[in-house]
Each structure stands twice: as C-alpha cells, then as structure tokens.
Amino acid sequence: MTTFGDILKNIGEFGIFQKLIICALSFPNVILGFEFACVFFIQSDPERHCNTDWILEADSNLTSEEQLNLTVPRERDGSFSRCRMFAPVDWDIGTIRERGLNETAACQNGWVYSSSLYTATIVTDFDLVCDKANLLQVAQTVMMSGILLGCLLFGPFAESFGRKRAAQIPLVVVLIFTVTTALCPNYLLFLISQFLMGMGYGGFRLNGLILATEWIGASKRSWGACATQLCGAVGQAVLAGLIYVVRDWRVAQWITAGLLAVIVVYIWFLPESARWLLERGRTEEAKELLFKVASINKRRFSETLLEKIAVKETEKKNNILKLIQSPVLRKYLFAILFAWFSVNVAYYCISFNVGNFGLDVFLTQLIFGLTEIPVHLVCVWLLEALGRRVSFISTLLVGGVLCMLILTSNQGNNVAVTILATSGRFIINWSATICNVYVQELFPTSCRQTASGLGSIASRAGGLIAPLVNMLAMYHWSIPIISFSGLTLLSGGLCFVLPETRGKELPDSFDEAESNRRKKATKRVTQLLSTSNQVNCNLFTSIYFNSFKCQI
C-alpha cells in the first residue's frame, strides 16, 4: 500500500518548496522571543526609595540628599530604606529639622526609581516591589497559562479546520495583544493582555511546527523542529541586543508588533498540509496542491500514487480514545508528556532567573541565545547519527546532572553558577528540540496533532509552574534547583520505554505506530528461537557422539 512518504519521495522530500516553507514558519520564532522581554528583562529589586515629595510643601528648595535624610529611614547597613518612609506631618521645615521624624510607614505615594539600568520595566511602571514583589512571578505565570491554553485550544482546532488556519489565526492574536500590552495603563489589563497574547503564542508554536513537519520526508524531518528552535535561539540572542539598546519595555512591545505585522501578511499565503487534506478526504485539493509543489521542486507528480493512498486515508475513523486505549501508545504518550513537562520546568526556571546570576543581565541573555544556536545545528546531525532514543535519553540525563551540580558551587561564585546554568539550559534545550521531532514520529496522522497538542500542553504546564518553583527559594535557595533537576533525571529514566524512529515514515495508522515495538519484539523472539534451536542442535550432537564413544 502506498504511503504519503512515497508521494513525498515522488515530488521531493526536501526540495525548494520545503526549504521555503521551513523558512516562512521558522522566522516568526525569532520575533516571538521578544514577547518575553517584559518578564525576562526586569530587576526584581531595583534601586529605589519612597516618593516623599510631601516635604517639598514645607520647603521647595530642599536638595535631593536633604529630602532623603529627612524623610527616609536608614537600614542597619546605612543605606536608605526601599520600602519604608517617615510618616508625613503637618509641620514647618524648621520644626522637622529640630525634632526629626520617628514614626515610619509603608510608601504612600509610590516610589522613585533609579534608571541606571532600564528606563522603564513592568516592575517600575506597576510598582511590583516590597509587598507586591511576588506579583512579578504572577505575571510570568499568567503568560505561561495563556500559552498552555493556546496549545489546548488550537491543537484540536487544527484537527478540524486544518494546520494552515491554526497557524495563521494565533499570529493575528499575538499581534493584537502585543499592541494592547504596550498600551496597558495598569497591572490588571497588562495581565489580561499577556494571557491572551500567550494563547496566540502557544497556538502558533504548536501548529507552525506541525505544518512544516508534514511536508518534509523522513530523511530530513528533523530539520523542521531544529530550524524552528534555531530561529528561537537567534531570537533570544537578538533580544539581549534589543533591550540593551531600547531599555524600555513598552517601546520593545511596539517594535515587536511592527515586525509581527509583516509576518502576518505573508503567513496568510502559506499552503495547507496535503497530508491533512488527504486524511480529511479532500483529495482534489490535495491533488492540486501536490502538483504545485512538484512544479516548484522541478519534479513530476504521478497521480497513480494519489489514487492508491486516497482510499486508505478516507477509510480511517480513529480518534484520541483509541490512542488512550492502546497500551503501547499510551506508554509512549506518558513518557513524552512527562519529559516535555520536566524539560520546560527546568528551562524556564533558569530563564526567568536571567537577572539573578550576578553577571551582567544582557551578557547572560546573549550567552543563553548564542549557546543555543550550535545546539540546534548539531542536533540535526545527532538525530541522524545516534537516533532519537539515545539522543533524547542522554540529553535529559546529562542536562539534569549539570543543573544538579549548581548545588555544589559557591553561591558567591557568579561565574561558576552562570556556566553551570548555561550548560544545563544548553543541553535541556537540546532535549526539547528532540522532543518536538519525536512526538511527530510516534503517533499516527489521525491523532498526531492531538498528541502534539497534549505534549505542548504538558510543556506549557511546566513553564506555568516554573515561576512558582522559583518562589520556593524563599525557604531555601536549593529547593528550586533540586526540584527541576530531579524531574529531568526522572524523565530521562522513563524514556527508556520509547522506540527508535530514525529513518521511518510518519505512521498513518495505529498499526504502523505500534509496529516499532512489534517488530522489535518479533526480532527478539526470532533471535531467542534461533538461539534455542542452535543450543538444542548442539546438545543433540554432543549427546550422540558421546554415546557413540561409549559404545566403542
């Protein structure tokens, strides 16, 4: 029976068309990284003091130093308090100088921030300091919640309405709410905009990858996920430069919106997945599209292949229930979901701490981005040379060990902590790329998008709890590190149940998806029978000749 892989070989597995669609769907990931600017590039405890301009009514000629000395108490180390002020009084300046102020209170009229590092951040614009400091983690969590919901909504959406629309609509959503984020006058509206923007972000990251992957043949399939992740890494590096130049989170949002507007225009002209069209029984549309692709790749398409595959595709009536009911695929699904969850917990726990490693925040972010680029370039070779299974398990285990080693470093040694964190993030991000490829190859076409959606939901759930895991540092700095490192190591152990899928066509049925194990089991039984027969033969021969010698 003909497979869609045979059609791809006929029209070109990795021709001009596939390269163009990979570039078109990967480039947005460079820009989407900028969406994290407002939650990555912040000072959790910026230099500041309470706004005490009330005293200027008593004497408008006070210098800044005199104003601070009269109205802000000092800490034990001699520095001015960041969260307390002397309570305002209705005295003249002479009385204030003579008696002094003793009663303290929380800041009543906001704060005055130092702008030595940033012109404006969400922390300074919305006063997320002192008793509101934990609201910074809330903002990060809300954004990750939106990304999770986007995966949940746009995964099934793609099964019903196609990969193309499920990639286009989320980008429009991202553009709209990037603009509203830049305009937000208060923290509540900011959270709403970030949540809705996150929905679009999650939807595109999921469906853009699926659309690209389903057009690529087995020999080059890893390029789909690796190119997407590579552009994301470039975006992380460019993000450091953008914020270094701009230093204002609202301006960064406007720049992001402008670039996204260009992408939204060209993304609307992308083609649908022919594999999905055939699976839905829309053979004529798929046929017309395949002829165009063959023409772009300068190949000739044979219609006889389409006639053979059309019957097979339209007869399928599978759904997610059959995926759950299959013992083999259910085991694969659990291993992938848990690994994806663990990888993102570790990745975002490290990423959200970019400003807390002690080194320059821009340099650290630049290192994060630059070190990811070779990861995804080497990943293409690694997946083909070592295979999916070995690569996936080894990166999970090595990444977990590197993160755990942070516990052995002196917390005052900023260089050592940064090196270990960067190395761990480097390897863990490698695991995420492999996971994106693996999940496409384990499950059949009828529920591939759903399985990928569940994987993305698990990954975004990991990103969602990452800020909450980081908050555990208030009890002890080692708790977050132990938590995300332990999860990564555990998931690496569980992934030993996964089969190897290197060089195999994407499965179009549940029987094909389960065949890896069946073939492996059949091969093992054959080897055992062969060994058993050989042993029996040798035993018979030995008994026969020994008996013959005894008779002599």
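Just above, that's the structure.
About the cut-offs
Residues numbered from 1 in each chain as written. Predicted model: local features only at pLDDT ≥ 70, side-chain atom pairs only at ≥ 80, totals over all residues. Heavy atoms only, no water. 1 Å grid on protein atoms, 1.4 Å probe; cavity = no way out; pocket = protein on both sides within 12 Å on 5 of 7 lines; lining within 4 Å. Points joined across faces, edges and corners; volume = space filled by probe spheres on them. Helix = DSSP H or I, 4+ residues; strand = E, 2+ residues; numbered from the N terminus. Nonpolar A, V, L, I, M, F, W, Y, C, P; charged D, E, K, R; others polar. Disulfide = S-S within 2.5 Å. Buried < 20%, exposed > 50% of the residue type's maximum accessible area, 1.4 Å probe, protein only. Expected span 1.5 Å × (residues − 1). Polar contact = N/O pair within 3.5 Å; in protein donor to acceptor, adjacent residues only side chain to side chain. Contact = heavy atoms within 4.5 Å. Phe/Tyr/Trp six-rings, centres within 6.5 Å; stacked < 30°, edge-to-face > 60°. Lys NZ or Arg CZ within 6 Å of the ring centre and 35° of its normal.

J.: Before we go on, may I ask you to explain the layout of surface pockets in this structure?
T.: With a probe scaled to a water molecule rolled over the atoms, the places where space remains empty come into view. What the second largest pocket holds in volume is close to 310 Å³. What lines the second largest pocket is a set of 17 residues, among which K164, P271, E272, E285 and L289 lie closest to the centre. Of all the secondary-structure elements, those providing two or more residues to the lining of the second largest pocket are α8 (135–161), α9 (163–183), α13 (274–279) and α14 (283–296). The biggest single contributor to the lining of the second largest pocket is α14, with seven residues. Among the residues making up the lining of the second largest pocket, the classes are represented as eight nonpolar, one polar and eight charged.

J.: How do you make sense of the state of the cysteines when you look at a structure like this?
T.: What we call a disulfide is simply a covalent bond connecting the sulfur atoms of a pair of cysteines. Applying the stated criterion to the full structure yields two disulfides. Linked covalently through their sulfurs, C83 and C130 form a disulfide whose S-S length is 2.0 Å. Measuring the twist about the S-S bond at about -95°, one finds the C83-C130 disulfide to be left-handed. Placement of the pair is C83 in the loop between α5 (64–71) and β2 (84–86) and C130 in the loop between α7 (122–125) and α8, with a sequence separation of 47 residues. For the protein chain, the bonded cysteines connect in the pattern 1-3, 2-4 when numbered consecutively along the sequence. C38 takes part in no disulfide bond, and the closest cysteine sulfur, belonging to C184, lies 9.6 Å away. Classification of C38 as buried rests on a relative accessible area of 0%.

J.: I keep staring at helix α17 (residues 327–351) and nothing clicks. Help me out?
T.: Counting along an α-helix, one turn takes 3.6 residues, and residues three or four places apart therefore face a common direction. With 25 residues, α17 extends 36 Å from end C-alpha to end C-alpha; this agrees with the ideal 36 Å at 1.5 Å per step. The element α17 is extensively covered by neighbouring structure, given that 19 of its 25 residues are classed as buried.

J.: How should the side chain of Q168 be read in this particular structure?
T.: Within the secondary structure layout, Q168 lies in helix α9. Using a relative accessible area of 1% as the deciding quantity, one classes Q168 as buried. In terms of polar contacts, Q168 uses its side chain to reach the backbone carbonyl oxygen of W268, at 3.2 Å. Residue contacts for Q168: discarding those within four places in its chain leaves I267, W268, F269 and L270.

J.: Explain the packing of aromatic side chains here, please?
T.: Each aromatic ring pair is summarised here by two numbers: the centre-to-centre distance and the angle between the ring planes. Under the criterion given, the structure shown has 14 aromatic pairs. Judged by centre distance (6.3 Å) and plane angle (15°), the rings of F334 and F338 are stacked. Residue F334 and its partner F338 are located together in helix α17, separated by four residues, close to a single helical turn. Of the residues examined, F338 reaches a relative accessible area of 19% and is grouped as buried. Through a chain of ring-to-ring contacts, three or more aromatic side chains come together here, namely F36, Y201, Y347 and Y348. Positioned over the ring face of F80 is R74, at 4.0 Å from the centre of the ring.

J.: For this particular structure, what's the right way to read empty space enclosed by the protein?
T.: Applying the stated criterion to the full structure yields three cavities of 30 Å³ or more. As a volume, the largest cavity reaches approximately 450 Å³. Lining of the largest cavity is provided by 31 residues; of these, Y201, R205, Q229, Y348 and R460 occupy positions nearest its centre. Every element with two or more residues in the lining of the largest cavity is listed here: α3 (28–32), α10 (187–213), α11 (222–246), α17, α18 (361–385), α20 (414–442) and α21 (445–471). In terms of residue count, the dominant contributor to the lining of the largest cavity is α10 (six residues). Of the residues in the lining of the largest cavity, the class split is 13 nonpolar, 15 polar and three charged. As a volume, the second largest cavity reaches approximately 40 Å³. Forming the boundary of the second largest cavity are A37, F41, Y118, A120, T121, I243, R247, D248 and W249. For the lining of the second largest cavity, the per-class residue count stands at six nonpolar, one polar and two charged.

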